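Coordinate inspection notes
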Amino acid sequence: MNTVLALLLMVGVCAFAYGASVGFRGKALYVDYYGRDVPDRVKTTPHLRARANRIFVVCGVAAATLLLAPLVWIFTDFQRDRTTWELAGLAAYVFIVVIVGSYPFAKIKSL
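Rules and cut-offs
- Throughout, a residue's number is its position along its own chain's written sequence, starting from 1.
- The predicted nature of this model means local features are confined to residues of pLDDT at least 70 and side-chain atom pairs, given and counted, to a pLDDT of 80 or more, with totals for whole chains, interfaces and linings taken over all residues.
- The side-chain numbers reported here are obtained from all heavy atoms of the structure, hydrogens and water having been left aside.
- Elements are defined by DSSP. Helices are runs of H or I of four residues or more, strands are runs of E of two residues or more, and each kind is numbered from the N terminus.
- Here's how the labels work: a residue is buried when its accessible area is under 20% of the maximum for its type, exposed when over 50%, partly exposed in between, all with a 1.4 Å probe on protein chains only.
- Note on contacts: a residue pair is in contact if any heavy atoms of the two residues lie within 4.5 Å.
- Computed by Shrake-Rupley with a 1.4 Å probe, the accessible areas treat only the displayed protein chains as cover when residues are assessed.
- Counting rule for charge: Lys and Arg are taken as positive, Asp and Glu as negative, and neither His nor the chain ends is counted.
- Taken as the charge centre is NZ of Lys, CZ of Arg, CG of Asp or CD of Glu, depending on the residue.
- Note on terminology: pairs of cysteine sulfur atoms within 2.5 Å are recorded as disulfides.
- Two N or O atoms form a polar contact when they lie within 3.5 Å of each other; inside protein one atom must be a possible hydrogen donor and the other a possible acceptor, and for residues adjacent in sequence the pair counts only when both atoms belong to side chains.
- The length a helix should cover is 1.5 Å for every residue beyond the first.
- Note on ring pairs: Phe, Tyr and Trp rings are taken, using the six-membered ring of Trp, and paired if centres are within 6.5 Å. Classes follow the plane angle, with under 30 degrees stacked, over 60 edge-to-face and the rest tilted.

1. Here's the deal with the overall build of the protein chain
Of the regular secondary structure elements, the protein chain holds five helices and zero strands. Reading the secondary structure of the protein chain in the N-to-C direction produces α-α-α-α-α. The buried share among the 111 residues of the protein chain stands at 32%. In the protein chain, once contacts between residues fewer than 6 apart in sequence are set aside, the share between residues at least 24 apart is 72%. Carbon and sulfur atoms make up 69% of the accessible area of the protein chain, which amounts to about 6,900 Å² in all. Measuring between centres, the 12 positive side-chain charges of the protein chain sit 14 Å from its 6 negative side-chain charges.

The structure is reproduced here in structure tokens:
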């Protein structure tokens, strides 16, 4: 069980880090990545485009960093079975991290 949790958290860290790297490279608004639902004025205005990419970087790094804490928690006592309350707390924590990581999609639509 701990192995599956650790692997899923590592996939999440990689996914959010990839999103941050796309924003860091300035390609977050490209149609090949995340730019399908982005308003045209955000795509054409340079400062809004830069702001959108910066939002991707900040939220991606924040979400990836927040997922490192449960990984440390799992690896500190890897052999112990987790209780139902611990797993429920982990699920709630990961849900909040996913909200932080998906914030750029909602924010860019309102720029």
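2. Describing the state of the cysteines
Here a disulfide denotes one covalent bond, and it connects the sulfur atoms of two cysteines. Tallied over the entire structure, the rule returns zero disulfides. Unpaired in terms of disulfides, Cys 14 finds its nearest cysteine sulfur in Cys 59, a separation of 19 Å. Cys 14 sits in the exposed class, given a relative accessible area of 54%.

3. Points about the side chain of Asn 2
Looking at the element boundaries, Asn 2 is found in helix H1 (residues 2-24). Given the relative accessible area of 8%, Asn 2 is considered buried. In terms of polar contacts, Asn 2 uses its side chain to reach the backbone carbonyl oxygen of Phe 78, at 2.4 Å. Sequence-distant contacts of Asn 2, defined by excluding residues within four places in its chain, comprise Ile 74, Asp 77, Phe 78, Gln 79, Arg 80 and Arg 82.

4. A word on the environment of Asp 81
Along the chain, Asp 81 falls in the loop between helix H4 (68-76) and helix H5 (84-109). Here the alpha-carbon distance between Asp 81 and Ala 63, two residues 18 residues apart in the chain, equals 26 Å.

5. Examining helix H3 (residues 46-66)
Taking 1.5 Å as the rise per residue, H3 with 21 residues should run 30 Å; its terminal C-alpha atoms sit 30 Å apart, in good agreement. Lining the buried residues of H3 we find H1, helix H2 (40-44), H4 and H5.

6. Side note on the packing of aromatic side chains
According to the stated counting rule, one finds four aromatic pairs in the structure shown. With a centroid separation of 5.0 Å and an interplanar angle of 15 degrees, the aromatic rings of Tyr 34 and Phe 56 are classed as stacked. Of this pair, Tyr 34 sits in the loop between H1 and H2 while Phe 56 sits in helix H3, and the two are 22 residues apart along the sequence. Since its relative accessible area comes to 26%, Tyr 34 is described here as partly exposed. Since its relative accessible area comes to 5%, Phe 56 is described here as buried. Ring centres 5.4 Å apart and planes at 90 degrees place the aromatic pair Phe 56 and Phe 105 in the edge-to-face group.

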